[in-house]
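Examination of the molecular architecture
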Amino acid sequence: MRLSKRLSADGGTYYLKVLSYQVFPSGTPENKTMLYKTNQDLPLEIRASFSETAQDLYRAAYNCAIHWYGDTTKAHKVALSAVRMHSARTMSVLV
């Protein structure tokens, strides 16, 4: 696992944990490609309602969760939770 440093729109920094294929369950194919390679690949409702930073976070969390769980519904919930947690931290508000 490695950390990827990103800059947020408000000038702060945040880190994404980038998981290698080796940490996923053994049933997951190692050459499985990510579902969302860019923010333009995200669903329209996600692109319309989230900032660029939140879209990056959603995409990274969704791609990791889809590899880990193999279920799109669960991956969507995980990604939304990651965005909510990041928003709560940056705004210092509980969501």
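Heads up: these notes are all about the structure in this document. From a predicted model like this one, the values you see are computed outputs, not experimental measurements. (Residues numbered from 1 in each chain as written. Predicted model: local features only at pLDDT ≥ 70, side-chain atom pairs only at ≥ 80, totals over all residues. Heavy atoms only, no water.)

Examining the overall build of the protein chain
In plain terms, the rule: Runs of H or I in DSSP of at least four residues are treated as helices and runs of E of at least two as strands, each being numbered from the N terminus. Exposure categories follow from relative accessible area, calculated using a 1.4 Å probe and restricted to protein chains: below 20% of the type maximum is buried, above 50% is exposed, and the middle band is partly exposed. Contacts are assigned to residue pairs with any non-hydrogen atoms lying within 4.5 Å of each other.
Per the secondary structure count, the protein chain includes three helices and two strands. Helices and strands appear in the protein chain in the N-to-C order β-β-α-α-α. With 95 residues in all, the protein chain has 31% of them scored as buried. A sequence separation of at least 24 residues applies to 36% of the contacts in the protein chain between residues at least 6 apart.

Points about the packing of aromatic side chains
Put simply, the test is: Aromatic rings from Phe, Tyr and Trp, with only the six-membered ring used for Trp, were paired whenever their centres fell within 6.5 Å, and each pair was classed as stacked if the ring planes differed by under 30 degrees, edge-to-face if by over 60, and tilted otherwise. The rule is short: NZ of Lys or CZ of Arg within 6 Å of the ring centre and within 35 degrees of the ring normal puts a charge over the ring.
According to the stated counting rule, one finds three aromatic pairs in the structure shown. Through pairs of rings, three or more aromatic residues link up here, namely Tyr 36, Phe 50, Tyr 58 and Tyr 62. When the ring centre of Tyr 69 is taken as reference, the NZ or CZ atom of Lys 74 above it lies at 5.0 Å.

Observations concerning the side chain of Asn 39
Where we set the bar: Here a polar contact is recorded for every N or O atom pair within 3.5 Å, except that within protein the pair must consist of a potential hydrogen donor and a potential acceptor, and residues adjacent in sequence are included only if both atoms are side-chain atoms.
Mapped onto the secondary structure, Asn 39 falls in the loop between strand 2 (13-18) and helix 1 (44-49). Residue class for Asn 39 comes out buried when judged on its relative accessible area of 7%. At 2.8 Å, the side chain of Asn 39 forms a polar contact with the side chain of Asp 56. Setting aside anything within four residues of it in sequence, one finds Asn 39 in contact with Arg 47, Glu 52, Gln 55, Asp 56 and Arg 59.

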